[in-house]
2 protein chains.
Amino acid sequence: MTETIQIHKPQPLDDHAVADLFTSARTVSYFSGEPVSDEQLTAIWDLAKWTPTAANTQPLRVLFVNTPEGKERLLRHINDSNKAKVESAGATAVLAIDPEYYEFIPTTFPHAAGLRDTFAANPDVAEASAKISAGLQGGGFIYAVRAVGLAAGPMTGFDAAGVDAEFFGESGWKSFLVVNIGQPGENAHLGRLPRVPEEKATRFV
Amino acid sequence: MTETIQIHKPQPLDDHAVADLFTSARTVSYFSGEPVSDEQLTAIWDLAKWTPTAANTQPLRVLFVNTPEGKERLLRHINDSNKAKVESAGATAVLAIDPEYYEFIPTTFPHAAGLRDTFAANPDVAEASAKISAGLQGGGFIYAVRAVGLAAGPMTGFDAAGVDAEFFGESGWKSFLVVNIGQPGENAHLGRLPRVPEEKATRFV
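Quick summary incoming for the structure in this document. Predicted, not measured: the structure shown is a model, and the values here were computed from it. Numbers given to residues run from 1 along each chain, matching the order in which its sequence is written. Ligands are numbered from 1 and chains lettered from A, in the order in which they are written. With pLDDT at 70 or above as the cut-off, local features in this predicted model cover only qualifying residues; side-chain atom pairs require 80 or more to be listed or tallied, and sums for whole chains, interfaces and linings still use all residues. Where side-chain values are given, they derive from all heavy atoms of the structure, hydrogens and water being excluded.

## Concerning the packing of aromatic side chains
To describe a pair of aromatic rings, one takes the distance between the centres and the angle between the planes.
Next up, step 1: Working definition: a ring pair exists when centres of Phe, Tyr or Trp rings (six-membered ring for Trp) sit within 6.5 Å. Plane angles under 30 degrees give stacked, over 60 give edge-to-face, the rest tilted. Using the criterion set out here, one finds 15 aromatic pairs over all chains in the structure.
Next up, step 2: Where Tyr101 of chain A meets Phe119 of chain A, the ring centres are 5.9 Å apart and the plane angle is 50 degrees; that geometry is what we call tilted. On the criterion of sequence distance, the pair formed by Tyr101 of chain A in the loop between strand E2 (91-97) and helix H5 (105-108) and Phe119 of chain A in helix H6 (residues 115-121) is long-range, its members being 18 residues apart. Accessibility classification places Tyr101 of chain A together with Phe119 of chain A in one group, the buried group.
Next up, step 3: An aromatic cluster is built from Phe22 and Tyr143 of chain A together with Phe22 and Tyr143 of chain B, whose rings are joined through pairwise contacts.
Next up, step 4: In this scheme, the term charge over a ring applies when either NZ of a lysine or CZ of an arginine sits within 6 Å of the ring centre and within 35 degrees of the ring normal. When the ring centre of Tyr143 of chain A is taken as origin, the NZ or CZ atom of Arg146 of chain A, which lies over that ring, is 5.3 Å away.
Next up, step 5: Its guanidinium or amino end placed over the ring of Trp173 of chain A, Arg203 of chain B lies 5.9 Å from that ring's centre, counting from NZ or CZ. Each helix is a run of DSSP H or I of at least 4 residues and each strand a run of E of at least 2, with the numbering of both proceeding from the N terminus. For every residue, the accessible area (1.4 Å probe, protein chains only) is compared with the maximum for its type, and the residue is labelled buried under 20%, exposed over 50%, or partly exposed between those bounds.

This is the structure:
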């Protein structure tokens, strides 16, 4: 039996979607405190999981912190200047890399399953690849938060080793980003900060 | 004079937009060959540039390859198994990190301009931060390609050192991802590959 593959023909987004994802979307620092449900968090992952990765390796793992106890444990490892952001968020996600992500390759990339052994034998190569792919997935995660109608507040100001010891002692996951999630509150963000000038950021050849 | 800041209230995307960005979107390997204009590439950047980064550092740089000569130079450094993908693409983007990205901090993050000196004095810290932020920007770039109605084909199968020597001798940019851009061709992609099971990829606390 031959699988029939539907080739998706991409269409430009309408102006509202472009505004909600890119041009009007903002990193929110202070949220309304309105709760975010576990179902909403699952819906975010159900979109973010489609972000492309090298050899479909999907090294990103996500810890959703959505209980008062969880938030209290997380707050111990957040920089002081960022604590109020986490406190005001409806929920918070910790984005991490699973150092043994390559164990899934035989199921997620079956036509090149031997890549599992290559990565297992070369931890530096495995780590470098994971950082690129998990970064792409992190970007996808932020856009997925916005796609379900919530605001994202990504932050790197936290003690990653502390978070890893707190939550990932058994799994060995390595955190690299915290993303607050919820509805924007008062004074949610400052004005737009400048972008690197286009002629410095891009070149054509 | 006080700046009035409009707080953007996020809205969920409609089903079409969700499909075009996430659930139906696919990494395209083989394109139609239809040209992509420099204006379309600029439009992609005009969306991708809003992706959040740590301290608004924006370390990502993009080389758009959109001439026959540029494509020929790029192809020398693409893995054999990926050459046909680049050849069929309307245009190709090389995503890179500017190792001296922190020089823009005084203008892009003026309220903490001293971070420029911290990064300049600690190249390892600067590099680690750049990799996280450029990864997020790379994810944003892929979604921006889709947002303007084109398909993206991100690839890591190329000789990064070769690409850097070919194009970035003066700037010192370090490439980490190649993204083919265009309209999907015949046999654009295989069927969907499996995702890491949700209960392995996410946890709640």
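Structure shown, so let's carry the discussion forward.
## Here's the deal with the environment of Lys85 of chain A
Residues and elements named next belong to chain A.
Next up, step 1: As for its placement among the helices and strands, Lys85 is situated in helix H4 (residues 80-88).
Next up, step 2: Residue Lys85 is classed as buried on the basis of its relative accessible area of 18%.
Next up, step 3: Each C-alpha atom, one on Lys85 and one on Ser29, is 5.4 Å from the other, the two residues being 56 residues apart in sequence.
Next up, step 4: Should any heavy atoms of two residues lie within 4.5 Å, those residues are considered in contact. Setting aside residues no more than four positions away along its own chain, Lys85 makes contact with Ser29, Tyr30, Phe31, Met155 and Asn180.

## Quick look at the sheet that holds strand E4 (residues 174-182) of chain A
Next up, step 1: A strand pair is defined by DSSP finding two or more bridges across the two strands. Strands sit in the order E3(A)-E4(A)-E2(A)-E1(A)-E5(B) across an open sheet of five strands; the sheet is mixed. Edge strands, defined here as strands with exactly one partner in the open sheet, are strand E3 (151-155) of chain A together with strand E5 (202-204) of chain B. Neighbour-to-neighbour, the strand axes of this sheet turn through a mean angle of 25 degrees, independent of strand direction.
Next up, step 2: Summarising the sheet, E2 of chain A and E4 of chain A pair through seven bridges and their orientation is antiparallel. Lines fitted to C-alpha atoms define the axes, with helix axes restricted to the stretch in contact, and inter-axis angles between N-to-C directions lie between 0 and 180 degrees.

## As for the relation of the copies chain B and chain A
Next up, step 1: Least-squares fitting of one copy onto the other uses the C-alpha atoms of those residues that reach a pLDDT of at least 70 in both copies. Superposing chain B onto chain A requires a rotation of 180 degrees together with a translation of 0.0 Å along the rotation axis, leaving an RMSD of 0.0 Å. Those values place the two copies in the arrangement expected of a two-fold rotation axis.
Next up, step 2: When the interface residues of chain B are mapped onto chain A, 100% of them again lie at the interface, so the same face is used by both copies.

## Focus: the nonpolar core
Next up, step 1: Here the nonpolar core consists of buried residues drawn from Ala, Val, Leu, Ile, Met, Phe, Trp, Tyr and Cys, with membership extended through side-chain atoms lying within 4.5 Å. Core analysis: the largest hydrophobic core is formed by 86 residues, its most contacted members being Phe141 and Ile181 of chain A together with Phe141 and Ile181 of chain B.
Next up, step 2: Residues contacting Ile181 of chain B, with those up to four places away along its chain left out, are Phe31, Val36, Leu41, Ile44, Ala89, Gly90, Ala91, Ala93, Phe141, Val145, Leu150 and Ala151 of chain B.

## Some details on the environment of Asn187 of chain A
Next up, step 1: Assignment of secondary structure puts Asn187 of chain A in the loop between E4 and helix H9 (198-201).
Next up, step 2: Along the sequence, Asn187 of chain A and Ser32 of chain A sit 155 residues apart, while their C-alpha atoms lie 9.9 Å from each other.

## Focus: the sheet that holds strand E3 (residues 151-155) of chain B
Next up, step 1: In spatial order, the strands read E5(A)-E1(B)-E2(B)-E4(B)-E3(B); together these five strands make up an open sheet with mixed pairing. Edge positions in the sheet fall to strand E5 (202-204) of chain A together with E3 of chain B, since each of these pairs with one other strand and no more. Between one strand axis and the next, the sheet turns through 25 degrees on average, direction left out of account.
Next up, step 2: Where E5 of chain A lies against strand E1 (residues 60-65) of chain B, three bridges are found, and the strand directions are parallel. For Arg203 of chain A, the partnering residue across the bridge sits in E1 of chain B and is Leu63 of chain B.
Next up, step 3: Most of the contacts of helix H8 (residues 160-167) of chain B go to strand E4 (residues 174-182) of chain B, to which it runs at about 85 degrees, and overall it touches E5 of chain A together with E1, strand E2 (91-97) and E4 of chain B.

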